[in-house]
Amino acid sequence: MAKGQTTVSDFAVAPRRSRPLEQSATQAGSGSTPAELPTETRNANQSQEAAPLGSPVNRLIAPTEEARRERATTRALQREDSRIRLRDLKRARDRESKHYVNCPLDYDTKTRLQKAALENDVKMTVIMKAAIDQFLKDNGY
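Residues numbered from 1 in each chain as written. Predicted model: local features only at pLDDT ≥ 70, side-chain atom pairs only at ≥ 80, totals over all residues. Heavy atoms only, no water.

S.K.: What exactly am I supposed to notice about the overall build of the protein chain here?
M.R.: Within the protein chain, the secondary structure is distributed over 6 helices and 0 strands. In the protein chain, which comprises 141 residues, the share counted as buried stands at 7%. Intrachain contacts of the protein chain at a sequence separation of at least 6 include 13% that bridge at least 24 residues. Summed over all atoms, the accessible surface of the protein chain reaches about 13100 Å², with 56% contributed by carbon and sulfur. (Helix = DSSP H or I, 4+ residues; strand = E, 2+ residues; numbered from the N terminus. Buried < 20%, exposed > 50% of the residue type's maximum accessible area, 1.4 Å probe, protein only. Contact = heavy atoms within 4.5 Å. Areas by Shrake-Rupley, 256 points an atom, 1.4 Å probe, with all protein chains shown as cover.)

As C-alpha cells, this is what we get:
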C-alpha cells in the first residue's frame, strides 16, 4: 500500500455505540420526538420499558444503590477469600518442594550432567532427583 494511495476506506472502522439513556432522554426533552431518535436508541428504550420487573434483564441490574453496594462488597470478599486461598496453596506447595541438598560435583561430572540435560531437554535437577531416587530404591530406602 503506497503512502499516497491510502484512503479511509482501507481501514476497518467499528460501528458507533448507541447513546446512553440519559443523553437520549435530554435530547427527547429538547424537542426531538421518538421518531427522530436513532433506531438503536429507540429499540433500547423500548426493550427496557417493555421488560416486566421479574424479567432476567431487570434481575441483572440491582434496583437500589444499597443493593448494588451490597452485591459489590460480597463479590469483593469472595475475590479476597479466593486470593488468600490461592496464596496459601502456593505457599504450602513451596514448603513441600523446598528441601535442598548441596552436592559438590567435579568438573567432568557436571559437564556430563549438563550435556545429558541439554540433549534430553530436561533440567539438571530432574536428572539429579531421578538418580537419587533410583539409588535409594536400589538400596532399599
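S.K.: Even after reading the chapter, I still don't get unusual backbone geometry, so can you show me in this structure?
M.R.: The general pattern is negative phi for most residues beyond glycine and trans for most peptide bonds. Unusually for a residue other than glycine, Asp 121 sits at a positive phi of about 55°. Position of Asp 121 relative to the elements: it lies in the loop between helix H5 (107–120) and helix H6 (124–138).

S.K.: I tried to follow H6 on my own but got confused; where do I start?
M.R.: In an α-helix there are 3.6 residues to a turn, and that puts residues three or four apart on one side. Helix length check: H6, at 15 residues, gives a terminal C-alpha distance of 21 Å against a target of 21 Å (1.5 Å per residue), a fit within 8%. Remark: Gly 140 follows H6 within two positions and exhibits a positive phi of approximately 80°. (Expected span 1.5 Å × (residues − 1).)

S.K.: Looking at this structure, how should I read the layout of surface pockets?
M.R.: The gaps of empty space that remain are located by a probe, the size of a water molecule, rolled over the atoms. Of the volumes computed, that of the largest pocket is approximately 570 Å³. Surrounding the largest pocket, 16 residues form its lining, Tyr 100, Val 101, Thr 125, Met 128 and Lys 129 being those nearest its centre. Contributing elements (two or more residues each) for the lining of the largest pocket: helix H4 (65–97), H5 and H6. The greatest single-element share of the lining of the largest pocket, amounting to 5 residues, is contributed by H6. Taken together, the residues of the lining of the largest pocket sort by class into 8 nonpolar, 4 polar and 4 charged. (1 Å grid on protein atoms, 1.4 Å probe; cavity = no way out; pocket = protein on both sides within 12 Å on 5 of 7 lines; lining within 4 Å. Points joined across faces, edges and corners; volume = space filled by probe spheres on them. Nonpolar A, V, L, I, M, F, W, Y, C, P; charged D, E, K, R; others polar.)

S.K.: What am I meant to see in H5 here?
M.R.: Spanning 14 residues, H5 covers 20 Å between terminal C-alpha atoms, matching the ideal 20 Å at 1.5 Å per step. Asp 121 sits one or two residues past H5 and shows a positive phi near 55°.

S.K.: Just checking my understanding: could you explain the packing of H5 against H6 for this structure?
M.R.: Helix-helix packing is characterised by the crossing angle of the two axes and by the distance between the axes. Following both chains from N to C, one finds H5 and H6 inclined at 110°, their axes separated by 9 Å at the closest point. Relative to H6, the element H5 lies roughly perpendicular. Contacts from Leu 113, Gln 114, Ala 116 and Ala 117 of H5 reach H6 at Met 124, Ile 127 and Met 128. When its residues are assigned to classes, the contact of H5 with H6 shows 6 nonpolar, 1 polar and no charged. (Axes fitted to C-alpha atoms, helices over the stretch in contact; angles between N-to-C directions. Parallel < 35°, antiparallel > 145°, perpendicular 65-115°, else oblique.)

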